[in-house]
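Next come the chains, spelled out residue by residue.
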Amino acid sequence: MKITLSVIKADVGSIGGHIAPSRRLVETVAQHVGRNGPPLVIDTQISHTGDDIAILMTHRQGAGDPGIHKLAWDAFLAGTAVAKEQGLYGAGQDLLRDAFSGNVKGMGPAVAELEFEERPNEPFLFFAADKTDPGAFNLPLYLAFADPMNTPGLILSPNISKGFRFVIMDVNHTEGDRVIELVAPEQSYDIATLLRDSERYVVESIWSRATGDQAVAVATSRLHNIAGKYTGKDDPVMLVRVQMNFPATGEILAPYSIGHFVAGGMRGSHQMPLMPVPLNTGISYFDGPPIVSCAALAEHQGKLTEPLDCFAHPFWNTVRDRVAGKAIEMRRQGFFGAAMLPMSELEYTGIVEELGSLDKRFVVRPERSGRA
Ligand code: 13P
Ligand code: 13P
Ligand code: MG
Ligand code: MG
């Protein structure tokens with residue numbers, strides 16, 4: 001019988017601005033899932049990345065299951081009550097609907113789910129990012145699944161070399177899920193053409209062409225599309241199955257050494273480099289820099305091992321130093337040019353309204369007619 005991995009995450013409040021949830025808040029969410037999860041949920045792990053709490057669950061209900069989604073929703077509601085009690089900032093920030101209606105999609109929390117027939121061994125990675133959006137995963141996923149310069153498995157391993165199918169979503173389309181399917185390597189230039197615009201085109205899932213199995217699930221929700229206004233960044237989660245017919249763990253992790261610039265940081269409105277950090281890390285400099293954490297796990301019949309902390313390894317200290325340097329360098333130019341997101345992506349409507357009123361004050365200077 002198939003196993004489903006579901007990770008549902010939300011920001012329901014944090015200490016001292018958008019830094020990190022309180023210990024009591026995380027414990028409350030964990031207790032709710034622990035008490036009400038079984039027998040539906042086989043195993044669960046709770047963690048936080050910046051101010052976002054993620055509930056990782058294993059079960060046999062398949063993706064989009066109302067019982068699983070309601071469990072997470074109710075856990076975040078219980079957390080919100082504690083956040084209010086403790087005076088945390090942004091209590092209930094990502095819970096955008098008053099009542100639960102079947103599925104957390106479109107209600108604020110981010111969700112990524114993978115359903116599969118279990119392999120004899122089942123290693124996978126759970127990524128969570130804060131102060132950025134799902135497009136942050138475009139570059140690392142492109143490199144890991146379509147570029148042999150990053151992933152030697154694409155030329156070394158017969159099954160991996162059959163390539164991967166990318167399902168890419170147009171997240172600007174609010175009336176429904178607008179998606180395109182493209183295969184690597186044949187259509188890798190088309191994939192690149194879309195993925196370079198990481199604010200609009202976002203990898204939703206990746207599938208093995210050798211076996212048809214799903215390798216990757218990314219949460220693609222856009223909070224400001226749901227709420228119609230700025231409510232926080234769309235801090236994404238992602239699940240990646242690794243090894244055998246999929247890239248190796250090291251091939252999936254390697255691209256995070258780049259510290260590529262992503263949308264995020266202060267007020268969800270800047271370009272900042274993505275810093276790989278240990279599990280349960282908070283936020284600091286300029287409400288950033290945007291961070292990504294990664295837990296490596298193994299799973300058997302729904303039972304999870306303890307998580308290994310991929311970015312806690314000493315190797316990443318050098319990367320972090322370099323990313324901090326890039327972040328400081330970019331911040332030197334404040335709101336000018338590439339430092340701030342383009343108008344269409346700014347999450348604050350104030351500046352748009354101000355521009356509207358300034359626009360009325362422009363005058364077109366009359367052309368001089370002839371010489372006196
Ligand atoms: P091991 O020989 O340690 O199993 O590693 C195989 C591998 O592919 C690592 O990338
Ligand atoms: P969160 O989306 O993580 O709550 O951050 C909001 C923000 O932009 C802080 O500057
Ligand atoms: Mg927040
Ligand atoms: Mg957040």
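Residues numbered from 1 in each chain as written. Chains lettered and ligands numbered in written order. Predicted model: local features only at pLDDT ≥ 70, side-chain atom pairs only at ≥ 80, totals over all residues. Heavy atoms only, no water.

Engineer: Give me the sheet that holds strand β3 (residues 52–59): which residues, what numbers.
Structural biologist: Within the open sheet, the four strands sit side by side as β2-β3-β1-β4. Their pairing is antiparallel. Each edge of the sheet is formed by a strand with only one pairing partner; in this case those strands are β2 (41–49) and β4 (110–116). Between one strand and the next, the sheet's axes are offset by a mean angle of 15°, whatever the strand orientation. As defined by bridge partners, strand β1 (residues 3–10) adjoins β3 across seven bridges and the pair is classed as antiparallel. Opposite Ser6, over in β3, you have Met57 as the bridge partner. Across the face of the sheet, helix α2 (residues 66–85) comes into contact with β1, β2, β3 and β4 while running at roughly 150° to β3. (Pairing = 2+ DSSP bridges. Helix = DSSP H or I, 4+ residues; strand = E, 2+ residues; numbered from the N terminus. Axes fitted to C-alpha atoms, helices over the stretch in contact; angles between N-to-C directions. Contact = heavy atoms within 4.5 Å.)

Engineer: Report on unusual backbone geometry, specifying residues and quantitative values.
Structural biologist: Of note, the bond from Ala184 into Pro185 is cis; its omega dihedral lies within 30 degrees of zero at 10°. By the secondary structure assignment, Pro185 is in the loop between β7 (179–184) and α5 (188–195). The linkage connecting Gly288 with the following residue, Pro289, adopts the cis geometry, with an omega of -10°. By the element assignment, Pro289 lies in the loop between β13 (275–276) and β14 (291–300).

Engineer: Break down α5 for me, with residues and values.
Structural biologist: Inspection of α5 places Ser188, Ile191, Leu194 and Leu195 among the buried residues, and these make up the whole buried set. Looking straight down α5, one finds that the buried residues subtend no more than 120° of arc, so they occupy a single side. Across from the buried face of α5, at angles greater than 90 degrees, the exposed residues are Tyr189 and Thr193. For α5, the secondary structure elements touched by its buried residues are α3 (138–146), β6 (164–170), β7 and β8 (201–208). (Buried < 20%, exposed > 50% of the residue type's maximum accessible area, 1.4 Å probe, protein only. Arc of directions from axis to C-beta.)

Engineer: Residues and numbers for the coordination of the magnesium ion (ligand 3), please.
Structural biologist: The expected angle between donors at a tetrahedral four-coordinate metal is 109.5 degrees. At an octahedral six-coordinate metal it is 90 or 180 degrees. Binding of the magnesium ion (ligand 3) to the protein goes through Asp11 (OD), His18 (ND1) and Asp51 (OD), at separations of 2.0 to 2.2 Å. If you look at the magnesium ion (ligand 3) and the magnesium ion (ligand 4), they sit 4.5 Å from each other and are both ligated by Asp51. For Asp11, a relative accessible area of 1% translates into the label buried. Judged by its relative accessible area of 21%, His18 falls in the partly exposed class. (Donors = N, O, S within 2.8 Å, 3.2 Å for Na, K, Ca; no water.)

Engineer: Requested: an account of the layout of surface pockets, with residues and values cited.
Structural biologist: A water-sized probe rolled over the atoms picks out the places where empty space is left. The computed volume of the largest pocket comes to approximately 750 Å³. Lining the largest pocket are 37 residues, with Lys105, Met169, Asp177, Glu204 and Thr220 positioned closest to its centre. Residue assignment for the lining of the largest pocket shows that the elements contributing at least two residues are β4, β8, β9 (214–218) and α6 (223–227). Per-element accounting of the lining of the largest pocket gives the leading share, seven residues, to β4. Looking at the lining of the largest pocket residue by residue, the classes come out as 14 nonpolar, 13 polar and ten charged. (1 Å grid on protein atoms, 1.4 Å probe; cavity = no way out; pocket = protein on both sides within 12 Å on 5 of 7 lines; lining within 4 Å. Points joined across faces, edges and corners; volume = space filled by probe spheres on them. Nonpolar A, V, L, I, M, F, W, Y, C, P; charged D, E, K, R; others polar.)

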